[in-house]
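A look at the structure
Residue strings, one per chain:
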Amino acid sequence: MRNYEVTFIVDPVLSGDEIKTTAQTYLDMLANEGCTIVYTDEMGLRQLAYPINKRSSGVYFCIEFQSVDGTVIDKLELALRRDERIMRFLTAALDKFGVKYNADKREGKIGASKKRIKPITTLEPIAPPAPVTPHESSTFVPKVKEEAAVETTVSDVSVPEATVAEDVSAQTETVETTSSTEE
Amino acid sequence: MATKDDIKFLSNPNIGSQKKKYCRFKKFGIKYIDYKDADFLIQFVNEQGKILPRRITGNSLKYQRKIATAVKRARHLAMMPYVADLLK
């Protein structure tokens, strides 16, 4: 058994019923040839990246099917080529990874393209901001701006005010000295 | 007088220590590249819609070939443009 996938674009000028019947004729044809149809994806009306036959949009269909051998492909492609309602088609053979990918996509395991890559990078949970323990806050004091730091430590009470005040004063002193040297 | 320590930061310190490129398909175990997924494939073309070389994307040869095939299929199905301007 070989796996294939045929994607074709149907002329959007046709009515909704005609588009449906166009797709159905190929489904019937494949079924008559002894293929098992795995899945039919109606991708719907999409904007084309460039105009084909002076049309700027098209109705996309994708049929995934299994065939015993490849003889059906010739018949299918000939029929597609002769059909005026079909603007473009592409038949592709699927390897085992392609079959698995399509199966996963149907089950919703694979989402949009961006999600396909990002889950792995975002799997490591971004550590939520840990509740500020008094110990941590005391270590942070010298680095944070003076006023805010002093307020937090005062509310936490763990650090005696005097030491904080000393730290702050020491910092301000150093700042002053540096500025003076720059001058 | 500017000492040696001051001069150190006049130039961008990140120059010269560039991140190593890697093949995302090998790293994340992606085995199949879908030609119908134009949003994904657009990462591998430049603004004119040309396929980016391996030395820029960092893909391994195996997956660069698959990317090229997928992009060409997507172009045939008008999901991606053959020629474009300001694609991104």
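1. Things to note about helix H2 (residues 71-82) of chain A
All names here are of chain A. In this model H2 runs 18 Å from its N-terminal to its C-terminal C-alpha over twelve residues, within 8% of the 16 Å that 1.5 Å per residue would give. Those residues of H2 not exposed but buried are Val 72, Ile 73, Leu 76, Glu 77 and Leu 80. Seen along its axis, H2 keeps its buried residues to an arc of 125°; they face one direction. Among the exposed residues of H2, those oriented more than 90 degrees off its buried face are Thr 71, Asp 74, Arg 81 and Arg 82.

2. Examining the pairing of strand S1 (residues 2-10) of chain A
All names here are of chain A. Most of S1 is tucked away, with eight of its nine residues classed as buried. In the sheet, S1 pairs with strand S3 (residues 55-67) via nine bridges, with the strands oriented antiparallel. Note that in S3 the partner of Phe 8 across the bridge is Phe 61. Of the strand pairs in this sheet, S1 and strand S4 (residues 86-94) are connected by eight bridges, and their pairing is antiparallel. In the strand pairing of S4, Phe 8 is matched with Phe 89.

3. Observations concerning the interface of chain A and chain B
Contacts between the two partners involve 27 residues from chain A, matched on the other side by 21 residues from chain B. Of the roughly 2,200 Å² buried at the junction of chain A and chain B (both faces included), carbon and sulfur atoms supply 63%. The interface formed by chain A and chain B includes two salt bridges. The residue Asp34(B) makes a salt bridge to Lys105(A) at a minimum N-O spacing of 3.3 Å. Our enumeration of links across chain A and chain B arrives at eleven residue pairs in polar contact (both at pLDDT 80 or more). Elements that contribute at least two residues to the side of chain A that touches chain B include exactly S1, strand S2 (36-52), S3, S4, helix H3 (96-106) and helix H4 (113-122) of chain A. The element best represented in the side of chain A that touches chain B is S2(A), accounting for seven residues. The residue inventory of the side of chain A that touches chain B, partitioned by class, reads 16 nonpolar, five polar and six charged.

4. Some details on the confidence of the model for chain B
Atomic detail in the predicted coordinates should be set aside for any region of low pLDDT. Residue and element names in this part refer to chain B. Across chain B, pLDDT averages 88, with 88% of residues at or above 70. The least confident element of chain B, judged by mean pLDDT, is helix H1 (residues 4-7) at 67; the most confident is helix H5 (residues 61-76) at 96. Model confidence for the complex: the whole-complex pTM is 0.66, and ipTM, which rates the interface, is 0.77.

5. Re H3(A)
All names here are of chain A. Those residues of H3 that fall on the buried side of the exposure criterion are Gly 98, Tyr 101, Asn 102 and Asp 104. Summarising the axial view, the buried residues of H3 lie within an arc of 160°, below the 170-degree limit, and thus occupy one face. Across H3 from its buried face, at more than 90 degrees, point the exposed residues Lys 96 and Lys 100. The first or second residue beyond H3 is Gly 108, which carries a positive phi of 80°.

Thresholds applied
Residues numbered from 1 in each chain as written. Chains lettered and ligands numbered in written order. Predicted model: local features only at pLDDT ≥ 70, side-chain atom pairs only at ≥ 80, totals over all residues. Heavy atoms only, no water. Helix = DSSP H or I, 4+ residues; strand = E, 2+ residues; numbered from the N terminus. Expected span 1.5 Å × (residues − 1). Buried < 20%, exposed > 50% of the residue type's maximum accessible area, 1.4 Å probe, protein only. Arc of directions from axis to C-beta. Pairing = 2+ DSSP bridges. Contact = heavy atoms within 4.5 Å. Buried area = accessible area lost by both parts, 1.4 Å probe. Salt bridge = Lys/Arg side-chain N within 4 Å of Asp/Glu carboxyl O. Polar contact = N/O pair within 3.5 Å; in protein donor to acceptor, adjacent residues only side chain to side chain. Nonpolar A, V, L, I, M, F, W, Y, C, P; charged D, E, K, R; others polar. pLDDT = per-residue confidence, 0-100.

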